[in-house]
Amino acid sequence: MVGANFILLGSTKVVAILAIYHDLSLGLVCRAAGGLLGMATPEADAETREREFSELAEKQSSEMKAVMLDAGLDKAAREARTKEIASRYAALMEDTKSAADLRVETNANSPLASARAAAGAVSVPLKVYGKASGMLRNGLEVFDTFCSRYFVAFTVTYIILKTTHYVLFPNIFD
């Protein structure tokens, strides 16, 4: 009984260690390769455009807030400043949009467009495999921890019961 628990305890450790080595050797590489290939995709350009517009909107919002909170400005001056800020940021956003459209058009017509699309197609399964490998490793580590605690608790309880039986009550079942 106790020997079987130690064998099962060792078996769960072996499985957990194999999962860790697998994740380090294949899962980590797949996650990294998928992430790097994902940066070359057209979708990465879309995220860059969205980030540029978000930064411009935040800057505009902070300038507008500063104008609205300035107690030294009267209504006419405040309206003039807000119109000036709005028109300046509208021009900046239009320039950003034009540059982004030009980049998209240039990238779509470039000879690397098909390579970028292929990189995007390859990056998804690599990321999925890498994340699945990490989740499997985490799950097996949790399982190993649970089994280790269970087997140790069961073994200690079994030894205590058998010791109590043979030392304190040797003739209880006679």
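Scroll up for the structure.
Bear in mind that the values here come from a model prediction, so they are computed numbers and not experimental data. (Residues numbered from 1 in each chain as written. Predicted model: local features only at pLDDT ≥ 70, side-chain atom pairs only at ≥ 80, totals over all residues. Heavy atoms only, no water.)

### Focus on the overall build of the chain
Working step 1: Along the backbone of the chain there are four helices and zero strands.
Working step 2: In sequence order, the chain lays out its α and β elements as α-α-α-α.
Working step 3: For the chain, the C-alpha radius of gyration of 32 Å lies well beyond 16 Å, the compact-globule estimate for 174 residues.
Working step 4: The principal-axis extents of the C-alpha atoms in the chain amount to approximately 105 × 55 × 15 Å.
Working step 5: When the 174 residues of the chain are sorted by exposure, 20% land in the buried category. (Helix = DSSP H or I, 4+ residues; strand = E, 2+ residues; numbered from the N terminus. Rg over C-alpha atoms; globule rule 2.2 N^0.38 Å. Buried < 20%, exposed > 50% of the residue type's maximum accessible area, 1.4 Å probe, protein only.)

### Description of the packing of aromatic side chains
Working step 1: With the rule as written, the count across this model stands at three aromatic pairs.
Working step 2: A centroid spacing of 6.4 Å and a plane angle of 10° characterise the contact between Phe146 and Tyr150, whose relative ring orientation is stacked. Separated by four residues within a single helix, Phe146 and Tyr150 lie in helix H4 (residues 113–168), roughly one turn from each other.
Working step 3: Classification of Phe146 by relative accessible area gives exposed; the value is 55%.
Working step 4: With centroids separated by 6.1 Å and ring planes inclined at 25°, the aromatic side chains of Tyr150 and Phe154 adopt a geometry described as stacked. Placement of the pair is Tyr150 and Phe154 together in helix H4, with a separation of four residues, close to one helical turn. (Phe/Tyr/Trp six-rings, centres within 6.5 Å; stacked < 30°, edge-to-face > 60°.)

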